[in-house]
Amino acid sequence: AMQNQTGTSLTHSAGSAAPRQKRRAALVWLIALATMWIDQITKLLALRALEPGREYPLVGELIGLRLVRNAGAAFSSLGGLTIVVTMLALVIVAALLRYVHTRSVTRLVACCLGFIAGGAFGNLVDRFVRDPGFLRGHVVDFIDYFGWFVGNVADIAIVLAALVLVFASWRGEPSDG
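Before going into details, it helps to say that this report is about the structure given with it. These figures come from a predicted structure and were not determined experimentally. (Residues numbered from 1 in each chain as written. Predicted model: local features only at pLDDT ≥ 70, side-chain atom pairs only at ≥ 80, totals over all residues. Heavy atoms only, no water.)

## Quick notes on the pairing of strand β1 (residues 56-59)
Next up, step 1: Pairing geometry for β1 and strand β2 (residues 63-70), over three bridges, is antiparallel. Following the sheet pairing, Y56 is matched in β2 by L65.
Next up, step 2: Connecting the antiparallel pair β1 and β2 is a turn made up of three residues, with G60 showing a positive phi of about 55 degrees. (Pairing = 2+ DSSP bridges. Helix = DSSP H or I, 4+ residues; strand = E, 2+ residues; numbered from the N terminus.)

## Focus: the pattern of salt bridges
Two side chains that carry opposite charge are able to pair once their charged atoms sit near each other.
Next up, step 1: Under the counting rule described, the total for this entry stands at four salt bridges.
Next up, step 2: Salt bridges linked by common partners bring D39, K43, D126 and R130 together as one network. (Salt bridge = Lys/Arg side-chain N within 4 Å of Asp/Glu carboxyl O.)

## Looking at the environment of V100
Next up, step 1: Checked against the element boundaries, V100 lands in helix α2 (residues 82-102).
Next up, step 2: Measuring from C-alpha to C-alpha, the distance between V100 and A110 comes to 7.5 Å, with ten residues separating the pair along the chain.
Next up, step 3: With residues up to four places along the chain from it excluded, the contact list for V100 reads Q21, A25, V28 and L113. (Contact = heavy atoms within 4.5 Å.)

## Regarding the pairing of strand β3 (residues 139-145)
Side-chain direction in a regular strand flips from residue to residue, so the side chains alternate between the two faces of the sheet.
Next up, step 1: Here β3 lies mainly inside the structure; seven of its seven residues are buried.
Next up, step 2: As defined by bridge partners, β2 adjoins β3 across six bridges and the pair is classed as antiparallel. The residue bridging N70 from the neighbouring strand is V139, located in β3.
Next up, step 3: Pairing of β3 with strand β4 (residues 149-151), which is carried by three bridges, proceeds in the antiparallel orientation. Across the sheet, the residue bridging to I143 is G151, located in β4. (Buried < 20%, exposed > 50% of the residue type's maximum accessible area, 1.4 Å probe, protein only.)

## A look at unusual backbone geometry
Only a minority of non-glycine residues have a phi that is not negative, and only a minority of peptide bonds are not trans.
Next up, step 1: A cis amide bond links D131 with the next residue in sequence, P132, at an omega value of 10 degrees.
Next up, step 2: Structurally, P132 is set in the loop between α3 (107-129) and β3.
Next up, step 3: Within the chain, L135 stands out as a residue other than glycine whose phi angle is a positive 70 degrees.
Next up, step 4: Relative to the helices and strands, L135 is located in the loop between α3 and β3.
Next up, step 5: Unusually for a residue other than glycine, F146 sits at a positive phi of about 60 degrees.
Next up, step 6: With respect to the helices and strands, F146 occurs in the loop between β3 and β4.

As structure tokens, then:
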């Protein structure tokens, strides 16, 4: 009977949200895994090609390559608390992934959360497998910005995605759909 009514959907509107939510969660995972792999590949290339402590200019003195190992968090802060930083990152990533599996998010938000999770995963891999050991591994950084700080592809993914989320929020982008 409902099929004969003009303008009536054959599916219940609440039923269409679940497949979209699953697709968006899958998009987050796809972007996260791709970001993590790109980050890890670039770190391996940096470890093979760069000599620690030596500077390799790319764009004059603005951007260059310099291999460093970061025991801390952003901008090498909290270096003495590597295990705490690692555990905090794990909690944040778990909460983020739980969020995308329990909430409906826009494609833009899903992409940004994928980049943030992928960047966090990339740096967490370092924490798990690099020296000095499990949960205390130092993150490989190699992109030198103006001599102010050195980062990596994971950091770029996290920062740019966070900025896009802030800008989208500021513009009043819808939070779901």
